[in-house]
Protein chains: 2
Amino acid sequence: MADEALFHFLHNELIHYAYKSAEQGEVENGRCITRLENMGFRVGQGLIERFTKDTARFKDELDVMKFICKDFWTSVFKKQIDNLRTNHQGIYVLQDNKFRLLTQMSAGKQYLEHAPRYLAFTCGMVRGGLSNLGVKSIVTAEVSVMPACKFQVMIQKM
Amino acid sequence: MADEALFHFLHNELIHYAYKSAEQGEVENGRCITRLENMGFRVGQGLIERFTKDTARFKDELDVMKFICKDFWTSVFKKQIDNLRTNHQGIYVLQDNKFRLLTQMSAGKQYLEHAPRYLAFTCGMVRGGLSNLGVKSIVTAEVSVMPACKFQVMIQKM
C-alpha cells in the first residue's frame, strides 16, 4: 500500500513538473510527453535489469512480451496485463482493464484528454525494458473507456 | 525489492530532470534544490494522509516526531531513524546511519558535494508530512560521512 502510494505520488510529481515547466514557457508543451517518455525509458531500463537478474534466457520475442505482461507488470502495477494479442508480425497489444495510474481519475469522459500524460511514462518504461532485453520498439497507448487502456508495441526489426 | 528500486529510479529521475533543466539554462541552478524540496513537500503531504488514516490522535509534538522517525520512515525507507535527539525547545535532529538514498553512492568524499541534491526531496517530504499534522517547520540536512545523514527539524511556532 505504502509503496504503491509512493509510486503514484512520485509519478504525479513527474507529470506536474513536466507540465509546469511548459506553462512557464520554459519548454514547449509538446516536449512534455517526450520528456515523460524518456524518464520512463530510463526507469524501465533500470528495472528490467533488476527483475531479470535471475531469470532464464528468453526463448523468443513472444517470451519476452509475456515476461513484460506478467512479471514486469505485476512488480510495477501489482496486477498482470489482462490480455495480450499479437498479429505475429511484430505488433503486440497489451490490454489492462484497470490501469493503476488511471484509477484515481474520474471514469467519465471529462478527463479523457488528460489521459496521454498519465500514459507517457509507462510507454517509455515498456520501451526501455524491452530495449534492455534486445528488443527495439515503438510503444504507444490509447484509452477509450477509463480506466481501461491499451498499449501497442511495434517491434522495430534491425 | 521491486518497490524500493522503483522509488530509487523515480527519485533519480526527479533529480536528473531538475538538474538537466538547469544545465540547459532554463532555470538557475539554485532553484533545483527548491524544486526538489517542493516536490518532496507535496509527496510528504499526500503520504502522511494515507499513513495516519487509522492512527490515534497525537499527544504532542514529540509524539508526532516519533511517528515520523518510526512509521513514516519505515514505510518510505524500509528502516527506522537510528537516533532522535531534541533540545526540547523546538529543534529535533533525526540521524539515519545508512540513509537509503545515499547508499548507492560511493562512501568516499568524492561525491560529498552532490549529496544535497539527494537530500532535498526528503527534507521536503518531512516538512510536508509535519505540515499536514499541524507542525510548521524548516528542515535541513547534512552529511559528514556517507551514507550517514542528519536531518534537522526546526519547529516554527505560530
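Above: the structure in question.
For the structure given in this document, a descriptive report is provided here.

How each quantity is defined
Residues numbered from 1 in each chain as written. Chains lettered and ligands numbered in written order. Predicted model: local features only at pLDDT ≥ 70, side-chain atom pairs only at ≥ 80, totals over all residues. Heavy atoms only, no water. Pairing = 2+ DSSP bridges. Helix = DSSP H or I, 4+ residues; strand = E, 2+ residues; numbered from the N terminus. Axes fitted to C-alpha atoms, helices over the stretch in contact; angles between N-to-C directions. Contact = heavy atoms within 4.5 Å. Least-squares fit on C-alpha atoms with pLDDT ≥ 70 in both. Phe/Tyr/Trp six-rings, centres within 6.5 Å; stacked < 30°, edge-to-face > 60°. Buried < 20%, exposed > 50% of the residue type's maximum accessible area, 1.4 Å probe, protein only. Lys NZ or Arg CZ within 6 Å of the ring centre and 35° of its normal. Expected span 1.5 Å × (residues − 1). Bend = angle between axes of the 7 residues up to and from the residue. Salt bridge = Lys/Arg side-chain N within 4 Å of Asp/Glu carboxyl O. Buried area = accessible area lost by both parts, 1.4 Å probe. Polar contact = N/O pair within 3.5 Å; in protein donor to acceptor, adjacent residues only side chain to side chain.

**Brief notes about the sheet that holds strand 2 (residues 91–96) of chain A**
Residues and elements named next belong to chain A. Taken in spatial order, the four strands line up as 1-2-4-3 in an open sheet, and their pairing is antiparallel. Bordering the open sheet on either side are strand 1 (83–86) and strand 3 (137–142), each of which pairs with just one other strand. Averaged over all adjacent pairs, the angle separating strand axes in this sheet is 20°, with direction ignored. Of the strand pairs in this sheet, strand 2 and strand 4 (residues 149–155) are connected by six bridges, and their pairing is antiparallel. Bridging across to strand 4, D96 finds its partner in C149. Lying on the sheet, helix 3 (residues 61–77) is in contact with strand 1, strand 2 and strand 4; it crosses strand 2 at an angle near 15°. Lying over the sheet, helix 4 (residues 115–132) contacts strand 3 and strand 4, oriented at roughly 155° with respect to strand 3.

**Observations regarding the relation of the copies chain B and chain A**
Rotating chain B by 180° and translating it 0.0 Å along the rotation axis places it on chain A, where the RMSD comes to 0.0 Å. On this basis, the relationship between the two copies can be described by a two-fold rotation axis. Most of the interface of chain B is mirrored in chain A: 100% of its interface residues are interface residues there too.

**Let's talk about the packing of aromatic side chains**
Here the structure, examined in full by the defined rule, presents 17 aromatic pairs over all chains. Taking the centre distance of 4.8 Å and the plane angle of 50° together, the rings of B:W73 and B:F77 count as tilted. Within this pair, B:W73 and its partner B:F77 are both found in helix 3 (residues 61–77), separated by four residues, close to a single helical turn. What makes B:F77 buried here is its relative accessible area of 1%. An aromatic cluster of three or more residues is present, and its members are A:F7, A:W73, A:F77, A:F99 and A:F151. Note that B:R117 overlies the ring of B:Y19, its terminal NZ or CZ placed 3.8 Å from the centroid.

**What to know about helix 3 of chain A**
Residues and elements named next belong to chain A. Between its first and last C-alpha atoms helix 3 spans 22 Å; for 17 residues at 1.5 Å apiece the expected length is 24 Å, and the two agree. Taking the largest bend as the criterion, helix 3 deviates by roughly 35°, centred on I68. Burial in helix 3 covers these residues: V64, M65, F67, I68, C69, F72, W73, V76 and F77. The positive-phi residue at the C-terminal boundary of helix 3 is K78, with phi of around 65°.

**Regarding the pattern of salt bridges**
Pairing between side chains of opposite charge can happen when their charged atoms approach one another. Per the stated rule, a full pass over the model turns up 16 salt bridges over all chains. Measuring nitrogen to oxygen at the nearest pair gives 3.0 Å for the salt bridge that ties B:E61 to B:K157. A residue pair is termed long-range when its members are at least 10 positions apart, and B:E61 in helix 3 and B:K157 in the segment after strand 4 (149–155) qualify at 96 residues. Residue classification places B:E61 among the partly exposed positions, given a relative accessible area of 21%. Through salt bridges with shared partners, a single ionic network connects A:K79, A:D82 and A:D96.

**Things to note about the sheet that holds strand 4 of chain B**
All names here are of chain B. Ordered by their spatial adjacency, four strands build an open sheet running 1-2-4-3, and the pairing between neighbours is antiparallel. Looking at strand neighbours, the two that pair on one side only are strand 1 (83–86) and strand 3 (137–142), the edges of this open sheet. Each strand axis lies, on average, 20° off the axis of its neighbour in the sheet, ignoring direction. Judged from the six bridges that link them, strand 3 and strand 4 form a sheet pairing that is antiparallel. Across the sheet, residue I138 finds its bridge partner in strand 4, namely M154.

**A short note on the interface of chain B and chain A**
Between chain B and chain A, the contact holds 31 residues from the first and 31 residues from the second. Taken over both partners, the interface formed by chain B and chain A buries close to 3000 Å², and the fraction arising from carbon and sulfur atoms is 64%. Area buried by chain B at its contact with chain A is led by B:F9, B:L10 and B:Y17, which between them contribute 23% of it. Our count for the contact surface shared by chain B and chain A stands at four salt bridges. With a closest N to O distance of 2.6 Å, B:E13 and A:R42 form a salt bridge. In this structure, the connection of chain B to chain A is made through six residue pairs in polar contact (both at pLDDT 80 or more). For the side of chain B that touches chain A, the elements supplying multiple residues, two or more each, are helix 1 (2–23), helix 2 (30–51) and helix 3 of chain B. With 13 residues, the top contributor of residues to the side of chain B that touches chain A is helix 1 of chain B.

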